[in-house]
Amino acid sequence: MARYATLLLCTALTAPTAALAQTAPTTATDATEAAKDDADVVVTARKREERLIDVPTAATVLTGSAIADRGGATNPVELLGGQPSVRILDTGSAMTNEVSLRGSPTTRGTSGDPSVGLFRDGAYIGGGGFSGRSFSRIDLFDIERVEVLRGTQGALYGRNSVGGAVNIVSAKPEFENSGFVNARYAIENEQLQLQGVTNVKLSDAVAIRFGVDFVTQADGFFRNDFLDKVLDRNDSTGLRGQIRWKQGGTDLVVRGETWRGFVPAIAFRAYIDPPRTGFPRGYIQPERTYPWSTDAFSRQEVTSWMGELNQELGFAKLRSVTQYRKRKADYALDLDGLNPVLLAQLRADGTITSTTVDPGQAQEREEDAQFFTQDLNLTGDLGDGALNWLAGIEYFHLRSNSEQRTRRTPTVPNPSPGNRQPLRTTFDSWAVYGSLDYALTSTLNVIGEVRQTWDEKSATSRRFDLATGLPSGGTGFVVDFANAPSNFSYNATLSWRPQPAMTLYGKVGSSYRAGGFNQDLGPATQPIPIPAAYDDERSTSIELGAKGRIARGTTFGIAAYQTYSNDIIVALNNGCFIGSTVCNSSPVTFSSNAGKARTWGAEAELASRIAIGSGNLQLGASGSYQKGRVTDGPFDGQLLPQIPRWTFAANATLNAPLSGDVSMLVNVNYNGQRGGVHDLVAPGAPAPFDMDKIDLLNARAALRFGGLEASVFVSNLTDVTYDVFRGAGARRLNPPRNWGVQLGYRW
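Residues numbered from 1 in each chain as written. Predicted model: local features only at pLDDT ≥ 70, side-chain atom pairs only at ≥ 80, totals over all residues. Heavy atoms only, no water.

**With respect to a nonpolar patch on the surface**
Residues Val 181, Leu 658, Leu 703, Phe 705, Leu 708, Leu 743, Tyr 745 and Trp 747 make up a contiguous nonpolar surface patch of roughly 730 Å² in combined accessible area. Where the nonpolar patch is concerned, the elements lending two or more residues are strand S40 (694-705) and strand S44 (738-746). For Val 181, the location among the structural elements is in strand S10 (residues 178-186). (Patch = residues over 30% accessible without salt bridge, like charges linked within 9 Å, V, L, I, M, F, W, Y side chains within 5 Å. Areas by Shrake-Rupley, 256 points an atom, 1.4 Å probe, with all protein chains shown as cover. Salt bridge = Lys/Arg side-chain N within 4 Å of Asp/Glu carboxyl O. Helix = DSSP H or I, 4+ residues; strand = E, 2+ residues; numbered from the N terminus.)

**Remarks on the sheet that holds strand S43 (residues 729-733)**
What links the strands of a sheet is backbone hydrogen bonding, and the strands pair in either a parallel or an antiparallel sense. Strand order in the open sheet made by the four strands is S18-S17-S43-S42, with antiparallel pairing throughout. What marks the edges here is a single partner per strand, and that holds for strand S18 (283-284) and strand S42 (723-727). Here S42 runs beside S43; their pairing, made up of four bridges, is antiparallel. The partner of Gly 727 across the bridge, within S43, is Ala 730. (Pairing = 2+ DSSP bridges.)

**Points about the sheet that holds strand S9 (residues 164-170)**
Spatially, five strands are ordered S3-S8-S9-S6-S7 in an open sheet, and the strand pairing comes out mixed. Edge positions in the sheet fall to strand S3 (58-63) and strand S7 (123-124), since each of these pairs with one other strand and no more. Relative to S9, strand S8 (residues 143-150) is paired through seven bridges, and the arrangement is antiparallel. Of the residues in S9, the one forming a bridge with Ile 143 is Ser 170.

**With respect to the environment of Arg 87**
Inspection of the secondary structure assignment puts Arg 87 in strand S4 (residues 86-89). Sequence-wise, Arg 87 and Gly 103 are 16 residues apart; in three dimensions their C-alpha atoms are separated by 8.0 Å. With near-sequence residues (within four places) excluded, Arg 87 lies in contact with Glu 98, Val 99, Ser 100, Gln 642, Pro 644, Gln 673, Met 691 and Val 724. A polar contact of 2.5 Å, which involves the side chain of Arg 87, links it to the side chain of Gln 642. (Contact = heavy atoms within 4.5 Å. Polar contact = N/O pair within 3.5 Å; in protein donor to acceptor, adjacent residues only side chain to side chain.)

**Looking at the state of the cysteines**
If you walk through the whole model with that rule in mind, you get one disulfide. Between Cys 576 and Cys 583 runs a disulfide, and the two sulfur atoms are separated by 1.9 Å. Its S-S torsion of about 80° marks the bond between Cys 576 and Cys 583 as right-handed, since a negative value means left-handed. Considered together, Cys 576 and Cys 583 belong to a single accessibility category, that of buried residues. (Disulfide = S-S within 2.5 Å. Buried < 20%, exposed > 50% of the residue type's maximum accessible area, 1.4 Å probe, protein only.)

That's the geometry; what it means functionally is another story.
As structure tokens, this is what we get:
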């Protein structure tokens, strides 16, 4: 920790002598500004400041005010749902949710890295364990904007940006005295959320910003009725403090934050279709009430420090981002879906005839991961702006200690209460990157981006008996692995602007997804063995697209792409399931290379902001088609899992003044998906389960009285029910309809 603190301080010493994205109320002034479109929003998608409309890639920006109009976002499903080609693998717990872009494979429930680059203010925060494939609640607090970059981003963003990258830009201290407080209460699960931010101008050069995020919940939608516990519990507190110094050509921000608490547990119901010969003879648990003997929970803690320096040097602009992040997480999960009382009942009525079923099977996992990132780059131009250039270096360090514990009921033949599997991993990565953007003519540009990365990875793991502490499982559970792969990634783009507010482009690029190690190597009776390690996945992508403004306040974007991947990393399971005569427990999910694959698709989005008197109507619609198939290896010919064939979304927001400083806001948004399968399956096994169709409708209505806002919201308005995951012997459902009220004040 000391060396990271020293480097953070060095970032500060190299300098010479917006609204809350979750629930911040929006004022009438904001409503007037909203009549403009987002084409001129300044983004840093290519690690330099430029208009969104000029970036030759498929990209979407979610502003803090737009997120607030929808009622806020406290998890990735709420934040990114409805974006083109975006799929959120919802495990039921925000801690283990996973973001997928353009059909990039998921590695749910494992220690594998995500297939999408996850960034906070340009610093990578993904990886490191089971809770490293998504954003934490603190990452979604007090947002300025979210940049969603679709398609291969490996040249500038590096590891794991196969399907794209998501960069959350937090609101920084501004040179004004402002702030807000907000309260949100959801009726059905009795959830109270409180947020507050204050921004203070100390001088013309110094400003500070402090924020608090709090949530508590008395009830829930998913319950363990045997232990009388709520499974989808939310209880957490987050704190953030920032200071900014801006003078002359120097702009320095230092931020510290901490967040800890409980998030919803991973929950599922046993679902075995009758009639069935063998064991058990059909058994389906209630939709959202589960009879577990294990007290399931999920808990997470994040602490981070960040220093960001932007320095004008005359010939170039220097940007330095230094970040230290510590993430701790643990959870408990029932593996058998039963309890002793229920097991006795099922045996009595003949549903279960086996005498070897164990109702005491449970899994516990914990991790302690520390990250350090230093990114330093220079941007400038030559030849009166004809050539824009970027040169950068990056260092990334990850150290993770995790442990898997599997519990069982001791018996005379096997007196062991279970086992524990500690895993220690280290990951060091160095990279140099750069880009050249040359104007061949006033409307035609050629762009080259490159990145060379050197990685060093190691892992050590053993399995021990919980009672005796002695090694167990044999040599199959001894992992001593180290490798040092390297990767060269590139993007080559041709961009043409037939009009000042329109860009057409074609690009080809490459990226890689870091290989890793499986912590849970499964029980000895599993039909499919789990490998200790797997290699990097490498991808090459081709894309054609167009974007721009077609009328005042109306923008569009279309793109088509095709991606070829080698050594694809996918999530598989070991063949165990509840009711199996060979391995009667919940399946163990693991990561593995599965050969070659091809993914292709097309996407379109349209946004229009129409002035209506002194108010405005904002309309948005998007849709995407995507498909992926394994083209070589043991799963040749199968569809890639967790890729909806179609996704579509629509959003409408009306801002209308009523009288004086009183106005109203009405927002309705819809997300839908069709097609896709849940899993790859072993050759000769039954076909995989199809993914459910989704039609999700949310609404919010608000009245504003100056800086005060009062609103009513409804999520899942039509109360649809669908499986977010379906596998052999188990299913997981979405939350039902919820509604509530919000009250906020901004000054």
